[in-house]
Amino acid sequence: MMISEWFQRVGSSVPRGFSRYFILELLKKKEMTGKEIIDYAVEQSNGIWKPSPGLIYPLLGRLLDEELIDETKDGKYKLTKKGLDTAADVDKINDIVKKQLEVLFRLGNVGRFVALDLLEKISTMGSILSSNLTNMTDDETQKYKKFLQDELKKIEEKRSKKGKEIKIE
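Scope of this entry: the structure provided in the associated data block. If you're wondering where the values come from, they're calculated on a predicted model, not measured in any experiment.

1. A few points about unusual backbone geometry
With the exception of glycine, the majority of residues adopt a negative phi angle, and the majority of peptide bonds are in the trans configuration. Positive phi, close to 55 degrees, is recorded for Asn 46, a residue that is not glycine. Mapped onto the fold, Asn 46 is located in the loop between helix H3 (34-44) and helix H4 (53-65). If you check the backbone angles, Glu 67 has positive phi at about 60 degrees while not being a glycine. Assessed through its relative accessible area of 53%, Glu 67 is described here as exposed.

2. Regarding helix H2 (residues 18-29)
For H2, with twelve residues, the first-to-last C-alpha span of 17 Å sits near the 16 Å given by 1.5 Å per residue. Within the span of H2, buried status applies to Ser 19, Arg 20, Phe 22, Ile 23, Leu 24, Leu 26 and Leu 27.

3. Some details on the side chain of Arg 20
When you line up the elements, Arg 20 lands in helix H2. Only 2.4 Å separates the side chain of Arg 20 from the side chain of Glu 66, close enough to count as a polar contact.

4. Some remarks on the packing of H3 against H4
The packing of two helices is summarised by the inter-axis angle and the distance between the axes. Running from N to C, H3 and H4 cross one another at 130 degrees; their axes reach a closest spacing of 10 Å. As far as their axial angle goes, H4 and H3 are oblique. The way H3 lies across H4 gives a crossing that is right-handed. Packed against H3, whose contacting residues are Gly 34, Lys 35, Ile 37 and Ile 38, the element H4 presents Pro 53, Ile 56, Tyr 57 and Leu 60 at the interface. Within the contact of H3 with H4, the residues separate by chemical class into six nonpolar, one polar and one charged.

5. Structural notes on the packing of aromatic side chains
Tallied over the entire structure, the rule returns two aromatic pairs. Relative to Tyr 40, the ring of Phe 22 lies with its centre 6.3 Å away and its plane at 35 degrees, an arrangement referred to as tilted. Here the residue Phe 22 occupies a position in helix H2, and Tyr 40 occupies one in helix H3, the gap between them amounting to 18 residues. The exposure class assigned to Phe 22 is buried, which follows from its relative accessible area of 13%. Centroid distance Phe 22 to Trp 49: 5.2 Å. Interplanar angle 80 degrees. Geometry classified as edge-to-face. Here Phe 22, found in helix H2, pairs with Trp 49, found in the loop between H3 and H4; they are 27 residues apart in sequence, far enough to count as distant. In this structure Trp 49 comes out as buried when scored by relative accessible area, which is 5%. Following the ring pairs from residue to residue traces out a cluster consisting of Phe 22, Tyr 40 and Trp 49.

Reading the values: the criteria
- In every chain, residue numbers begin from 1 and rise along the written sequence.
- Reporting of local features is limited, given that this is a predicted model, to residues whose pLDDT is at least 70; pairs of side-chain atoms are given and counted only at 80 or more, and all residues count toward the totals for whole chains, interfaces and linings.
- Values shown for side chains rest on all heavy atoms present in the structure; no hydrogens or waters enter the calculation.
- The way it works is that DSSP assigns letters per residue, a run of H or I at least four long becomes a helix, a run of E at least two long becomes a strand, and they are numbered from the N terminus.
- Exposure categories follow from relative accessible area, calculated using a 1.4 Å probe and restricted to protein chains: below 20% of the type maximum is buried, above 50% is exposed, and the middle band is partly exposed.
- One less than the residue count of a helix, multiplied by 1.5 Å, gives the span that helix is expected to have.
- Polar contacts, as counted here, are pairs of nitrogen or oxygen atoms within 3.5 Å of one another; within protein the pair requires one atom able to donate a hydrogen and one able to accept it, and residues that are adjacent in sequence qualify only if both atoms are side-chain atoms.
- Between N-to-C directions, angles cover 0 to 180 degrees, with each direction set by a line fitted to C-alpha atoms, over the stretch in contact for helices.
- Oblique is the label for any angle not covered by the other classes, which are roughly parallel (under 35 degrees), roughly antiparallel (over 145) and roughly perpendicular (65 to 115).
- Crossings are assigned a handedness: left-handed for a near helix turned anticlockwise from the far helix by less than a right angle, right-handed for a clockwise turn.
- Should any heavy atoms of two residues lie within 4.5 Å, those residues are considered in contact.
- Residue type decides the class: Asp, Glu, Lys and Arg count as charged, Ala, Val, Leu, Ile, Met, Phe, Trp, Tyr, Cys and Pro as nonpolar, and the leftover types, Gly among them, as polar.
- Here is the rule: rings of Phe, Tyr and Trp (six-membered ring for Trp) pair when centre to centre is within 6.5 Å. Planes less than 30 degrees apart are stacked, more than 60 are edge-to-face, and the remainder are tilted.

What follows is the structure, encoded as C-alpha cells:
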C-alpha cells in the first residue's frame, strides 16, 4: 500500500502518534524548520493532511524536552543521538511488522482482514505508548521495548516453523 493510498483511505484523520514519527523520519534526512515540516506534510499528502502550527510546534517542543531533537542557530531542527537511536528502533519494528503484513496480504481476502485488524491493534498500542512516553522512566521504556521485541520474535519463530506458505483458493 502506497502512503498516498493510505492517506486517501484515512483522509485527514491521521492516527495519534503519527505526527511524532513523521517528524523523526523527516529529520533523519535533513534539518528542517517547523514550517518546512508542515509544507512537506501537505505536499506529500497532496493537500489531504494539513498539520497546523498548533500541532507541529508543541510537538517539536516535546521532542526538544525529550532530547530527541535540537534546534540549530538558524531555527532548524535536527535529530540528536538519542533521536537517531529512537528512529532506528522504530525502523526495526516497522521492518518486522511490514514483513508480517506482506505475508498476510499474500493470503488474499482473509489475509487482508487479519492484516487490517493487526494494523488497528498496532495503531492503538502505538497511540497508548506515544501518549505515555513522556511520563515513562527509562526502565519502563526498556521493558516495553523488550516486550515488543519478544512478541515479534515469537511471531517470526512461529512463521519459520510452519515452513510452507498457506494457499487459499
